Amino acid sequence: MSNIKLILLDFDGTLADTRLANGMAYIQALSEVGINISIEEYTAKYFGMRCREFLRDVGIESDDEARKLRRRKVEIYPNYFDSVRLNTPLWEWCQMMRSMGTKVWIVSTGHIDNITNVMRYLNIYGDVDGILTGDDVTRPKPYPDCFIKAMEIENATPAETIIFEDSAY
């Protein structure tokens with residue numbers, strides 16, 4: 001039996017390569033309001049950044065406008081799911097660990113609707129023990145609050161937890 005009680009997975013960029021799909025959906029939503037960025041600019045500068053920070057950086061100051069753009073991005077996002085790729089070796093290892101009693105959670109800055117929609121597309125929805133997003137904690141990543149909350153829920157210590165994360169944010 002493993003000493004690992006909990007595996008925490010970042011979603012975008014770690015468990016699933018969603019860079020192109022996210023970028024194209026944001027590019028389309030932003031172009032509808034007259035803001036044009038390239039996929040290269042998005043991937044180099046904004047992928048992994050919290051949505052509100054990203055939108056503020058490209059000139060969306062109003063919280064109302066940001067909410068509208070975020071909703072529009074969620075609507076558009078499935079149009080680009082054919083470019084999403086599951087990190088199959090990581091996923092298979094997590095499922096093997098899960099079969100031995102280890103809990104597996106998604107811990108992401110991504111929006112819950114985006115995460116669950118991609119998980120359904122990849123046919124992995126329901127195969128984790130929990131999902132926490134930045135909306136579930138007062139201080140989202142890069143603060144450790146979401147990781148700590150998942151450990152508390154599962155009664156796991158840091159020594160019993162493995163975290164897979166890809167973003168400097």
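Preceding this paragraph is the structure being described.
Rules and cut-offs
- Residues numbered from 1 in each chain as written.
- Predicted model: local features only at pLDDT ≥ 70, side-chain atom pairs only at ≥ 80, totals over all residues.
- Heavy atoms only, no water.
- Helix = DSSP H or I, 4+ residues; strand = E, 2+ residues; numbered from the N terminus.
- Buried < 20%, exposed > 50% of the residue type's maximum accessible area, 1.4 Å probe, protein only.
- Areas by Shrake-Rupley, 256 points an atom, 1.4 Å probe, with all protein chains shown as cover.
- Pairing = 2+ DSSP bridges.
- Right-handed = clockwise from strand over helix to strand, strands pointing away.
- Expected span 1.5 Å × (residues − 1).
- Arc of directions from axis to C-beta.
- Contact = heavy atoms within 4.5 Å.
- Polar contact = N/O pair within 3.5 Å; in protein donor to acceptor, adjacent residues only side chain to side chain.
- Salt bridge = Lys/Arg side-chain N within 4 Å of Asp/Glu carboxyl O.

**What to know about the overall build of the protein**
Then comes step 1: If you tally the helices and strands in the protein, you get seven helices and six strands.
Then comes step 2: For the protein, the succession of helices and strands along the chain, N to C, is β-β-α-α-α-α-β-α-β-α-β-α-β.
Then comes step 3: Dimensions along the principal axes, computed over C-alpha positions, put the protein at roughly 55 × 30 × 25 Å.
Then comes step 4: By the burial criterion, 45% of the 169 residues in the protein qualify as buried.
Then comes step 5: Here the protein displays about 8500 Å² of accessible surface, and carbon together with sulfur accounts for 50% of that area.

**Description of the pairing of strand β5 (residues 130-133)**
Then comes step 1: The sheet contact formed by strand β4 (residues 103-108) and β5 spans four bridges and is parallel. Its bridge partner lying in β5, I106 is registered against I131.
Then comes step 2: A crossover connection joins β4 to the parallel β5 through helix α6 (residues 112-121); in handedness this β-α-β unit is right-handed.

**What about helix α4 (residues 63-76)?**
Then comes step 1: Under the 1.5 Å per step criterion, the end-to-end length of α4 is 20 Å for 14 residues, consistent within 8% with the ideal 20 Å.
Then comes step 2: Among all positions in α4, only A66, L69, K73, V74 and I76 are buried. Around the axis of α4, the buried residues are gathered within 165° of arc, so they sit on the same side.
Then comes step 3: Looking at the buried side of α4, the elements it contacts are α1 (19-31), α3 (51-57) and α6.
Then comes step 4: With a side-chain oxygen positioned 3.2 Å from the backbone nitrogen of D64, the residue opening α4 is S62.

**What about the side chain of D10?**
Then comes step 1: Counting through the fold element by element, D10 comes out in the loop between β1 (6-9) and β2 (16-17).
Then comes step 2: In this structure D10 comes out as buried when scored by relative accessible area, which is 5%.
Then comes step 3: At 3.0 Å, the side chain of D10 and the side chain of K141 are in polar contact.
Then comes step 4: What D10 contacts, discounting residues up to four positions off in sequence, is L15, V107, S108, K141, F164, E165 and D166.

**Structural notes on the pattern of salt bridges**
Then comes step 1: For the structure shown, the criterion picks out ten salt bridges.
Then comes step 2: The residue D63 makes a salt bridge to R52 at a minimum N-O spacing of 2.9 Å. Within this pair, whereas D63 is found in helix α4, its partner R52 is found in helix α3, the two being separated by eleven residues in sequence.
Then comes step 3: Overall, the relative accessible area of 42% leaves D63 in the partly exposed class.
Then comes step 4: By sharing partners, the salt bridges in this structure join D10, K141 and E165 into a single network.

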